[in-house]
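# Summary of the model geometry
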Amino acid sequence: MTDEDAQALRRENDYLKRRNAQLQDDVTSLGGQVLRMQQELERLNGRRGLGAPDPLSGGQ
């Protein structure tokens, strides 16, 4: 392996490490967004349940 090959591998390795860190940050951010959306959905479903009964539900 030549010095040029070793330098190219080091550059690629550095790039991949940075890219991996970015992707991990993205996954963490998306996980937080998913959690917030789940909480919002639960909140909206809970609010809907407190409204007037659905006349089509057949709850007689």
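Each remark here, short or long, concerns the structure printed above.
Residues numbered from 1 in each chain as written. Predicted model: local features only at pLDDT ≥ 70, side-chain atom pairs only at ≥ 80, totals over all residues. Heavy atoms only, no water.

## Remarks on the overall build of the protein
Looking only at helices and strands, the protein features one helix and zero strands. Of all 60 residues assigned to the protein, the portion counted as buried reaches 2%. A total accessible area of about 5,900 Å² is found for the protein, and carbon and sulfur atoms account for 54% of it. (Helix = DSSP H or I, 4+ residues; strand = E, 2+ residues; numbered from the N terminus. Buried < 20%, exposed > 50% of the residue type's maximum accessible area, 1.4 Å probe, protein only. Areas by Shrake-Rupley, 256 points an atom, 1.4 Å probe, with all protein chains shown as cover.)

## Some words on the pattern of salt bridges
Applying the stated criterion across every chain, the model contains one salt bridge. Taking the shortest distance from any N to any O, the salt bridge between Arg 43 and Glu 40 comes out at 2.4 Å. Of this pair, Arg 43 and Glu 40 both sit in helix H1 (residues 3-49), three residues apart, which is roughly one turn of that helix. Here Arg 43 falls in the partly exposed class, since its relative accessible area comes to 38%. (Salt bridge = Lys/Arg side-chain N within 4 Å of Asp/Glu carboxyl O.)

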